[in-house]
Amino acid sequence: MKAPSRMAGLRRLVGLGFGLAVAVGGTAGTGVLTSPGELARTLGGPGPVLVLWAVGGLYTLLAANTMAELAGRLPQAGGWYGYAEAAFGEFPAVAVAWADWTSSCVTGALVALLLGEYLAQLLPLAIPHGPTVLAAVAVLALCLIQFRGLREGSRAQEITAVILLLGVVGLLVASFGLPGAAPAVARVTPTTGLTAVSVVAALQVVVFAYDGWYGPIYFAEETPQPGRTLSRALMWGVAVVLGLYFVLNATLLRKLPFATLQGSELPLAELAATLLGPLGRKLVLALGVVAMVGVLNSVLLMATRVLFALGRAGHLPAGLARVHGGGTPRPALVVAGVLTLGLLLSGTVAELEAITSVLFVGYYVVGFAALFRLRRLQPTTPGDFRAWGHPWSTGLLMALSVAFLVMNAVSDTRHALVALALVAGAWPLWRWARKSATVAK
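Procedures and definitions
Residues numbered from 1 in each chain as written. Predicted model: local features only at pLDDT ≥ 70, side-chain atom pairs only at ≥ 80, totals over all residues. Heavy atoms only, no water. Helix = DSSP H or I, 4+ residues; strand = E, 2+ residues; numbered from the N terminus. Rg over C-alpha atoms; globule rule 2.2 N^0.38 Å. Contact = heavy atoms within 4.5 Å. Lys, Arg positive; Asp, Glu negative; His and termini not counted. Charge placed at Lys NZ, Arg CZ, Asp CG, Glu CD. Salt bridge = Lys/Arg side-chain N within 4 Å of Asp/Glu carboxyl O. Buried < 20%, exposed > 50% of the residue type's maximum accessible area, 1.4 Å probe, protein only. Phe/Tyr/Trp six-rings, centres within 6.5 Å; stacked < 30°, edge-to-face > 60°. Core = buried A, V, L, I, M, F, W, Y, C linked by side-chain atoms within 4.5 Å. Axes fitted to C-alpha atoms, helices over the stretch in contact; angles between N-to-C directions. Parallel < 35°, antiparallel > 145°, perpendicular 65-115°, else oblique. Left-handed = near helix turned anticlockwise from the far one by under 90°. Nonpolar A, V, L, I, M, F, W, Y, C, P; charged D, E, K, R; others polar.

## Some thoughts on the overall build of the protein chain
- Each helix and strand in the protein chain was counted, giving 17 helices and zero strands.
- The C-alpha atoms of the protein chain give 21 Å as radius of gyration, which agrees with the globular expectation for 441 residues (22 Å, within 12%).
- Projected onto the principal axes, the alpha-carbon positions of the protein chain cover approximately 70 × 50 × 45 Å.
- Intrachain contacts of the protein chain at a sequence separation of at least 6 include 82% that bridge at least 24 residues.
- Counting 29 positive and 17 negative side-chain charges, the protein chain places the centres of these two groups 7 Å from one another.

## Brief notes about the pattern of salt bridges
- For the structure shown, the criterion picks out six salt bridges.
- Residues R375 and E69 are paired through a salt bridge, measuring 2.7 Å at the closest nitrogen-oxygen approach. In this pair, R375 sits in helix α14 (residues 353-377) while E69 sits in helix α3 (residues 46-73), placing the two residues 306 residues apart along the sequence.
- Across the pair E222 and R305 runs a salt bridge whose closest N-O atoms are separated by 2.8 Å. In this pair, E222 is assigned in the loop between α8 (196-210) and α9 (226-255) and R305 in helix α12 (residues 278-313), connecting sequence segments 83 residues apart. A single burial state applies to E222 and to R305, both of which are buried.

## Quick word on the packing of aromatic side chains
- For the structure shown, the criterion picks out 21 aromatic pairs.
- Ring plane angle 70° and centroid distance 6.3 Å describe the contact between F360 and Y363, whose orientation is recorded as edge-to-face. Of this pair, F360 and Y363 both sit in helix α14, three residues apart, which is roughly one turn of the helix. Per residue, the accessibility class of F360 equals that of Y363, and both read buried.
- Chaining the aromatic ring pairs together yields one cluster made of Y59, W80, F208, W213, Y214, Y218, F360, Y363, Y364 and F368.

## Points about the nonpolar core
- Core analysis: the biggest nonpolar cluster contains 135 residues, and W80, W213 and Y364 have the highest contact counts within it.
- Excluding residues that lie within four positions of it along the chain, W80 makes contacts with M67, V96, D100, W213, Y214, I217, Y218, Y363, Y364 and G367.

## Some words on the packing of helix α5 (residues 90-122) against helix α13 (residues 330-346)
- Direction vectors running N to C along α5 and α13 enclose 55°, while the axes themselves pass 8 Å from each other. It follows from the interaxial angle that α5 and α13 lie oblique. As for the relative orientation of α5 and α13, their crossing is right-handed in sense. Counting all contacts with α5, which are made through W101, C105, V106, G108, A109, A112 and L113, the residues of α13 involved are V335, A336, L339, T340, L343 and L344.
- Here the residues of the contact of α5 with α13 sort into eleven nonpolar, two polar and no charged.

## Examining helix α11 (residues 267-276)
- Along α11, the residues that are buried comprise P267, L268, A269, L271, A272 and A273.
- At its buried positions, α11 is contacted by α2 (35-43), α7 (150-174), α9, α10 (258-263) and α12.
- Directly after α11, the chain includes G277, whose backbone phi takes a positive value near 70°.

## As for the environment of L134
- Here L134 shows up in helix α6 (residues 130-148).
- Residues L134 and L119, spaced 15 residues apart in sequence, show a C-alpha to C-alpha distance of 7.3 Å.
- If we skip the residues at most four places from it in the chain, L134 touches G116, L119, A120 and L125.

## With respect to the packing of α9 against α11
- Remark: α9 packs on α11, axes separated minimally by 11 Å, with the N-to-C direction vectors making an angle of 55°. In terms of orientation, α9 lies oblique with respect to α11. Taken as a pair, α9 and α11 cross one another with a handedness that is left-handed. The segment α9 lies against α11, with L248, T251, L252 and K255 engaging P267, L268 and L271.
- Split by residue class, the contact of α9 with α11 holds five nonpolar, one polar and one charged.

Listed below in structure tokens is the structure:
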């Protein structure tokens, strides 16, 4: 694989603070708000809830360990795409990039719709389709901010991540003095009769909640000392998210009746309401707006870098690799923004949520497999980050990931087939790009 060209114009403008903000804000923004209630409804009992959060967190920590080595080996834009190309060649890389870009835009549309719903509740406006209109305005506003330059986009990411962390931690600390719910978690009889379908649905929720942890890898060409910076951003970021999720869910289970947790779309708002009444609920809605802005900002940044990498490699029109003086690949940003807007206006985005979890884990598998191959092709040099416990830790990740995909294929076949069809859509894209390149010669 050829090295990234310096003519591409990406600028090294972001560091560890931005990497942590992408890893934490781009992940925890969705998981702290809606996922606790979704998981409680799916599993039906408090014991399995904490187990699933812990398992998901440990899986993500192991995955960050593997990706930290890959990021150090191949510090380039495009994320998973570059690792797949270095290890397996052009078409697998294009398929991974296609799945990555599509799932990022779907996630962006989902998050934008949540943002619009929260804004509509805070600012009741008498306009038709209020939440959808507000969601579209949010996407356009963030695209305009990123259009100005990378510094502006990174600053927005850092501010929203800090506000989210301070807000959630503040609520959790303030809730320590509240009496525990009756019956307390320790006295609840664990649920029985979990089915394969419910476990798969719960795993989809957890995968979606943790997804985004790998955000820093997309900005390797825009980060000074990428090997050191990215490994720290990945490992520290995931550790923060894991701890936050576990403490949050343990607190919600302890302080709220389980039936309340199951019935709430925003369990954190229920906790805040016990502290501050109606004002607490509004504060959590405002915090939700900030959180969704952070997630939406991060997925637009990542989707833009994937298109940039494809354009630079010749798999898409070269114009997508043009970079503005402020560091933003503007044509790629416009395309990513347009697809995100199209998805949220289509009315089908909710149907795609389960599909994205399959796509996420699919390119995880390719990334983990890439490390095995690259270890054979390119030995590490002294000072490089090496994944702890490899090959056992990476092998365990691959086994768990493949098991998740198989369980999805068996119990949620329709969504698994749609995900497969989306990936298959990369084939005509790749063939068209190769034909265009041949004609150009």
